[in-house]
Amino acid sequence: MAIEVEKPSFYESALKQFDLAADILSLPPDLRMVLRMPKRELTVNFPVRMDDGSVKMYTGYRVQHNMNAGPAKGGIRYSPEVSLDEVRALAMLMTWKCAVLGIPYGGAKGGVIVDRRLLSRMELERLTRRYATEISVIIGPDLDIPAPDVNTDGQVMAWIMDTLSMHHGRNVPAVVTGKPIAIGGSRGRVEATGRGVYIVAREAAKHENIPFEGAKVVIQGFGNVGSVSAKLLHEAGCKIIGLSDIYGAIYDPNGINIPLALQYIKEHGKLSGLPGSQDINNDQLLEIPCDILIPAAIEGVLHRNNAEKVSAKLIVEAANGPTTPEADVIFERRRIPVIPDILTNAGGVTVSYFEWVQDRENFFWSEKRVNDQLEEMMADSIKNVFSRADTMNISMRMAAYVVAVSRVAEATEFRGIYP
Ligand code: NAD
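Residues numbered from 1 in each chain as written. Predicted model: local features only at pLDDT ≥ 70, side-chain atom pairs only at ≥ 80, totals over all residues. Heavy atoms only, no water.

Got a minute to help me understand the pattern of salt bridges in this structure?
Pairing between side chains of opposite charge can happen when their charged atoms approach one another. Under the counting rule described, the total for this entry stands at 27 salt bridges. Put simply, E235 and K231 hold a salt bridge, and the shortest N to O gap is 3.3 Å. Pair noted here: E235 and K231 are both in helix α7 (residues 224–235), with a separation of 4 residues, about one helical turn. For E235, a relative accessible area of 53% translates into the label exposed. Looking at K231, the relative accessible area reads 38%, which means it is partly exposed. Among the salt bridges present, the one from R397 reaches E317, with a minimum N-O distance of 2.8 Å. With R397 in helix α14 (residues 396–415) and E317 in the loop between β11 (312–316) and α10 (325–333), the pair connects residues that are 80 residues apart, well separated along the chain. For R397, a relative accessible area of 3% corresponds to the buried category. Taking relative accessible area as the criterion, E317 reaches 0% and is therefore assigned buried. Here the residues in one salt-bridge network are R77, E86, K109, D149 and E299, joined through shared partners. (Salt bridge = Lys/Arg side-chain N within 4 Å of Asp/Glu carboxyl O. Helix = DSSP H or I, 4+ residues; strand = E, 2+ residues; numbered from the N terminus. Buried < 20%, exposed > 50% of the residue type's maximum accessible area, 1.4 Å probe, protein only.)

Is there a simple way to think about α14 in this case?
Because each turn of an α-helix spans 3.6 residues, side chains separated by three or four positions in sequence point in the same direction. An ideal rise of 1.5 Å per residue puts 28 Å on 20 residues; α14 measures up with 29 Å between its terminal C-alpha atoms. With 14 of 20 residues buried, α14 lies mostly within the body of the structure. Positive phi appears at G416, one or two residues downstream of α14, with a value of about 75°. (Expected span 1.5 Å × (residues − 1).)

I'm lost on the site of the ligand in this one. Help?
Surrounding the ligand, one finds 21 residues, the nearest of these being T193, F222, V225, I246 and N320. The separation between an oxygen atom of the ligand and a polar side-chain atom of R77 is 3.0 Å. In this structure, N320 approaches the ligand through a side-chain N or O atom, which is 2.9 Å from an oxygen atom. Computed on the free molecule, the ligand has an accessible area of 830 Å², of which 82% lies beneath the protein chains in the complex. For the shell around the ligand, the secondary-structure elements that each account for two or more residues are α6 (189–207) and α7. Per-class residue counts for the shell around the ligand are 9 nonpolar, 8 polar and 4 charged. (Near = heavy atom within 4 Å. Polar contact = N/O pair within 3.5 Å; in protein donor to acceptor, adjacent residues only side chain to side chain. Areas by Shrake-Rupley, 256 points an atom, 1.4 Å probe, with all protein chains shown as cover. Nonpolar A, V, L, I, M, F, W, Y, C, P; charged D, E, K, R; others polar.)

Is there a simple way to think about the domain arrangement of the protein chain in this case?
Interfaces are often described in size by the accessible area the parts lose on coming together. According to the domain assignment, the protein chain consists of domain 1 (37–175) and domain 2 (192–339). Each of domain 1 and domain 2 was reduced to a C-alpha centroid, and the two centroids are 28 Å apart. Run the count over domain 1 and domain 2 and you get 1 salt bridge. We note a salt bridge from E299 to R77, for which the minimum N-O separation is 3.6 Å. Here domain 1 and domain 2 share 1 residue pair in polar contact (both at pLDDT 80 or more) between them. Class assignment of the residues belonging to the side of domain 1 that touches domain 2 gives a composition of 2 nonpolar, no polar and 6 charged. (Domains from an automatic or database assignment.)

Teacher, can you tell me more about the packing of α7 against helix α8 (residues 258–268) here?
Geometry of a packed helix pair, given as the angle between the helix axes and the separation of the axes. Where α7 contacts α8, the axes come no closer than 9 Å and their chain directions differ by 155°. The angle between α7 and α8 falls in the class roughly antiparallel. Contacts between α7 and α8 involve S227, A230, K231 and H234 from the first element and I258, P259 and L262 from the second. Looking at the contact of α7 with α8, its residues break down into 4 nonpolar, 2 polar and 1 charged. (Axes fitted to C-alpha atoms, helices over the stretch in contact; angles between N-to-C directions. Parallel < 35°, antiparallel > 145°, perpendicular 65-115°, else oblique. Contact = heavy atoms within 4.5 Å.)

Hey, could you run me through the nonpolar core in this one?
In a soluble, globular protein the nonpolar side chains are often hidden away together inside. Grouped together as the largest cluster of nonpolar side chains are 90 residues, with contacts concentrated most on W96, L233, L243 and I294. With 11 residues, the top contributor of residues to this core is α14. Two domains each put at least three residues into this core: domain 1 (37–175) and domain 2 (192–339). Sequence-distant contacts of L233, defined by excluding residues within four places in its chain, comprise Y198, A201, F212, V217, I219, C238, I240 and I294. (Core = buried A, V, L, I, M, F, W, Y, C linked by side-chain atoms within 4.5 Å.)

I tried to follow the sheet that holds strand β12 (residues 338–339) on my own but got confused; where do I start?
The strands making up a sheet associate through hydrogen bonds between their backbones, and the pairing can be parallel or antiparallel. Taking strand neighbours across the sheet as the criterion, the 7 strands line up as β9-β8-β7-β6-β10-β11-β12 in an open arrangement whose pairing is mixed. Looking at strand neighbours, the two that pair on one side only are β9 (278–280) and β12, the edges of this open sheet. In this sheet, strand β10 (residues 290–295) lies alongside strand β6 (residues 216–220) in parallel orientation, the contact comprising 4 bridges. The partner of V217 across the bridge, within β10, is I292. Taken strand by strand, α6 contacts β10, β11 and β12, and its axis lies near 145° from that of β11. (Pairing = 2+ DSSP bridges.)

Given below as structure tokens:
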């Protein structure tokens, strides 16, 4: 029988983490009140004509959390589980993520309640164009710049860019990032989040005195982020001993052949059954003894009911919000460092920022320049967060929050309260 796990809502978890950082920073109550709340929340209900001629209603959201440091930035996800609570939490995390990297953006997020797998390509296009039109009142290159997230991709971004461009009567490439290169996307953007995860894992291993070459790594999720992280870690000599997707997990103590896994999932649509590996389930995966555990799937997977069973020396959060605050306390007591999402998966938004800059300058960088600049910005932020954690004797998460929240608080104080 499955055990019911009582979890706080994602937004409650995000607020709790902010409150802890605000306490450390002794933020004045007024400022705390301003930073806790999203600036703007838009809910849209809209009709989409299906291929058979019928009409279905869909609900979508766009939430802008804070825009004091610059225009808002954040992905759009398509999922049956999307809720206002989830989008709010993710918008807040985007504010802190941009701030921890020192990118001049605020945070936003969007989503549509839909199971993408049930739509034809034409239906997906009509849904995307209508959602883009509904949220067009609050997005724009100087206002709010969406990007891909779970179940959205370069094609979806291309339709949004085209829709907004049709409205304006001219090309507006900088309205979204994560576009295909042919219409103003950046080289290196698709791999950027996974590349950032790899850089963070490498630096965190160094900080924790874990030999990186040969390190045993377990990764939950083998989508955009998980698969690129796995590939780069594998190429760097790490041993990926556990991997999973939504259907199940695989284990090989000698190290999974990642190029083979990439090929296998392309052909079979799932990882289980990969020759040479043992099939296990997603709960067992998180308990495999390893050096580095990388949750790269969804939120809330490390919680109070399984945190005691995790047997990793280091946790690197590639997904957004994979650890609940209760699990964080357990990991802190067990002295398992958790490198937080707002730092670990910031490679995507960093290269999105490069894409936006390139679109506005109409001058496009080489892949080497993108990757070098990403490495430099991530390395600076990692150094900053690790040294805060060491000098203030706080967790990596709190150190990242302290860096981020103090930057946003400073911007908010300078601007003052209007009018
Ligand atoms: P994706 O849809 O490409 O891949 C998600 C992976 O997780 C898939 O392998 C899927 O099978 C697996 N999965 C889904 N539900 C699962 C479950 N219940 N248990 C186990 N596995 C499950 O998504 P992605 O773009 O790789 O994003 C993964 C995470 O990283 C999300 O939390 C997302 O918000 C975050 N993130 C993504 C980016 C980006 O650039 N794509 C940037 C920052 C953060």
